Amino acid sequence: MMSPTLMSVLGSMVAVERMFWKLRELIDGDSSILPDVRETLHVILDAKLLSAKDKIMSDARAAIDATPDLPQAVRERAYSSLDSAMTMFMASEPRRTQDLLSEIGMLSAHRKMH
């Protein structure tokens, strides 16, 4: 059984992903957007999505840290669950080239959060 906090984090991740996929659909469905502009917009969305996921995870870790009376074993399980969730969601990330991210000035926002 999942903790309410982990369920909330996963729900937030799913909601953010849905929002970004809707934006992708709008971009792909607009024939007036040039292909190179479309690709750049997708790269920007990828970077922003990654940043949003990092923020959700950071907030979840802060919530765990803000509970001082949490037993160490429970805290470690919570961190482990968050790490597993992050691994699962990061595995589904679209892979774009570093060159395109560098070209628009947005290198990956993902960082290890320990």
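Residues numbered from 1 in each chain as written. Predicted model: local features only at pLDDT ≥ 70, side-chain atom pairs only at ≥ 80, totals over all residues. Heavy atoms only, no water.

The subject of this paragraph is the overall build of the chain. Within the chain, the regular secondary structure consists of four helices and zero strands. Of the contacts formed within the chain by residues at least 6 apart in sequence, a portion of 70% connects residues at least 24 apart. Accessible area of the chain: about 7,300 Å², with a carbon and sulfur share of 61%. (Helix = DSSP H or I, 4+ residues; strand = E, 2+ residues; numbered from the N terminus. Contact = heavy atoms within 4.5 Å. Areas by Shrake-Rupley, 256 points an atom, 1.4 Å probe, with all protein chains shown as cover.)

Here we come to the nonpolar core. With 18 residues, the main nonpolar core has Val9, Met13, Met57 and Leu82 as its most contacted residues. Secondary-structure elements contributing two or more residues to this core are helix 1 (4-29), helix 2 (35-65) and helix 3 (72-91). The dominant element in this core, judged by the number of residues it contributes, is helix 1, at seven residues. (Core = buried A, V, L, I, M, F, W, Y, C linked by side-chain atoms within 4.5 Å. Buried < 20%, exposed > 50% of the residue type's maximum accessible area, 1.4 Å probe, protein only.)

The predicted coordinates should not be examined in detail at positions where pLDDT is low. Considering every residue of the chain, the mean pLDDT works out to 77; 75% of them sit at 70 or more. Across the chain, helix 2 holds the top mean pLDDT of 88, while helix 4 (residues 98-103) sits lowest at 46. Ignoring residues within four places in sequence, the model shows residues 106-114, a span with pLDDT below 50, making 26 contacts including any to other chains. (pLDDT = per-residue confidence, 0-100.)

So, on to the packing of helix 1 against helix 2. Where helix 1 contacts helix 2, the axes come no closer than 10 Å and their chain directions differ by 170 degrees. Here helix 1 lies roughly antiparallel to helix 2, going by the angle between them. Facing Val9, Ser12, Met13, Val16, Glu17, Phe20, Leu23, Arg24, Ile27 and Asp28 of helix 1, the residues of helix 2 in contact are Arg38, Leu41, His42, Leu45, Asp46, Lys48, Leu49, Ala52, Lys53, Ile56, Met57 and Ala60. Broken down by class, the residue content of the contact of helix 1 with helix 2 amounts to 13 nonpolar, two polar and seven charged. (Axes fitted to C-alpha atoms, helices over the stretch in contact; angles between N-to-C directions. Parallel < 35°, antiparallel > 145°, perpendicular 65-115°, else oblique. Nonpolar A, V, L, I, M, F, W, Y, C, P; charged D, E, K, R; others polar.)

In this section: the environment of Lys53. The topology assignment puts Lys53 in helix 2. Of the residues examined, Lys53 reaches a relative accessible area of 0% and is grouped as buried. Separated by 43 residues in sequence, Lys53 and Leu10 place their C-alpha atoms 10.0 Å apart.

With the rule as written, the count across this model stands at six salt bridges. Measuring nitrogen to oxygen at the nearest pair gives 3.8 Å for the salt bridge that ties Lys22 to Glu25. Note that Lys22 and Glu25 are positioned in helix 1 at a spacing of three residues, about one turn of the helix. Exposure class is identical for Lys22 and Glu25. Each is exposed. One salt bridge connects Arg24 with Asp46, and the closest N-O pair in it is separated by 2.8 Å. Highlighted residues: Arg24 in helix 1 and Asp46 in helix 2, separated in sequence by 22 residues. Judged by relative accessible area, which is 3%, Arg24 ranks as buried. (Salt bridge = Lys/Arg side-chain N within 4 Å of Asp/Glu carboxyl O.)

So, about the packing of aromatic side chains. Per the counting criterion, the structure on display carries zero aromatic pairs. Sitting over the ring of Trp21, Arg24 keeps its end group 4.6 Å from the ring centre. (Phe/Tyr/Trp six-rings, centres within 6.5 Å; stacked < 30°, edge-to-face > 60°. Lys NZ or Arg CZ within 6 Å of the ring centre and 35° of its normal.)

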